[in-house]
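# Coordinates in review
Now for the letters of each chain:
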Amino acid sequence: MEKLDIIVKTLEDKLAEDVNVIKLEDSSVADYFVIATGNSINQTRALADYIEENLHKEGYELLSNEGLREGEWILIDAGDIIVHIFTQKQRKFYDLDNLWEN
């Protein structure tokens, strides 16, 4: 299974809300941003843990993650894919969906 498919399936299976995949054209940052919302800090942390676990099972390793302690905006760097898991309040505030959409 491809890395992007694993990430999206994990988020959907674990009931993340409003999962959005943005293909980044001509970006040196990554090929894709995946943005999702958790209903609580506990859920955002759990979503990040499940993504890491499921990628590891398929032989993929993460480069890094940030924000687990606070849990309001968790960033997972999976190399060519950057995952942003927000609480509802933080997602609305930072509005990455509109910032990065083509």
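Going by an unreviewed UniProt entry, the protein carries the name Ribosomal silencing factor RsfS and comes from Anaerococcus murdochii. Checking UniProt for the protein, the heading Function (unreviewed entry) contains the comment "Functions as a ribosomal silencing factor. Interacts with ribosomal protein uL14 (rplN), blocking formation of intersubunit bridge B8. Prevents association of the 30S and 50S ribosomal subunits and the formation of functional ribosomes, thus repressing translation." Taken from UniProt, the Subcellular location (unreviewed entry) comment for the protein reads in full: "Cytoplasm".

## Here we look at the overall build of the protein
Looking only at helices and strands, one finds 4 helices and 5 strands in the protein. Overall, the protein shows an N-to-C arrangement of helices and strands of α-β-β-α-β-β-β-α-α. Computed over C-alpha atoms, the radius of gyration of the protein comes to 12 Å, within 12% of the 13 Å expected from 2.2 N^0.38 for 102 residues, which places it in the range of a compact globule. Principal axes of the C-alpha set define a box for the protein whose edges measure 35 × 30 × 20 Å. Counting across all 102 residues of the protein, residues that qualify as buried make up 39%. Sequence-distant contacts in the protein: of pairs separated by 6 or more residues, those separated by 24 or more amount to 56%. Accessible surface computed for the protein: about 6000 Å², of which carbon and sulfur atoms make up 46%. Taking the average place of the 10 positive charges on the side chains of the protein and the average place of its 22 negative ones, the gap between the two points comes to 6 Å.

## Observations concerning the sheet that holds strand S3 (residues 64-66)
Taken together, the 5 strands give an open sheet; going across it, the order is S1-S2-S5-S4-S3, and neighbouring strands pair in mixed fashion. The open sheet terminates on both sides in strands that have one partner only, identified here as strand S1 (17-23) and S3. The average undirected angle you get between the axes of adjacent strands in this sheet is 10°. In terms of strand pairing, S3 meets strand S4 (residues 73-77) through 3 bridges, oriented antiparallel. Opposite Ser-64, over in S4, you have Asp-77 as the bridge partner. On top of the sheet, helix H2 (residues 41-57) reaches strand S2 (32-38), S3, S4 and strand S5 (81-87); it is set at about 160° to S5, its chief contact.

## Side note on the side chain of Thr-87
By secondary structure assignment, the location of Thr-87 is in strand S5. With a relative accessible area of 10%, Thr-87 lands in the buried category.

## Examining the nonpolar core
Core analysis: the biggest nonpolar cluster contains 18 residues, and Ile-7, Leu-11, Ile-51, Val-83 and Ile-85 have the highest contact counts within it. Every element with two or more residues in this core is listed here: helix H1 (3-13), S2, H2, S4 and S5. Broken down by element, this core gets its largest block of residues, 5 residues, from H1. When neighbours within four sequence positions are excluded, Val-83 is seen to be in contact with Ile-7, Val-34, Ile-51, Ile-74, Leu-75 and Ile-76.

Here is what the cut-offs are and how they apply
Residues numbered from 1 in each chain as written. Predicted model: local features only at pLDDT ≥ 70, side-chain atom pairs only at ≥ 80, totals over all residues. Heavy atoms only, no water. UniProt positions renumbered as here; feature names shortened; annotations may be inferred. Helix = DSSP H or I, 4+ residues; strand = E, 2+ residues; numbered from the N terminus. Rg over C-alpha atoms; globule rule 2.2 N^0.38 Å. Buried < 20%, exposed > 50% of the residue type's maximum accessible area, 1.4 Å probe, protein only. Contact = heavy atoms within 4.5 Å. Areas by Shrake-Rupley, 256 points an atom, 1.4 Å probe, with all protein chains shown as cover. Lys, Arg positive; Asp, Glu negative; His and termini not counted. Charge placed at Lys NZ, Arg CZ, Asp CG, Glu CD. Pairing = 2+ DSSP bridges. Axes fitted to C-alpha atoms, helices over the stretch in contact; angles between N-to-C directions. Core = buried A, V, L, I, M, F, W, Y, C linked by side-chain atoms within 4.5 Å.

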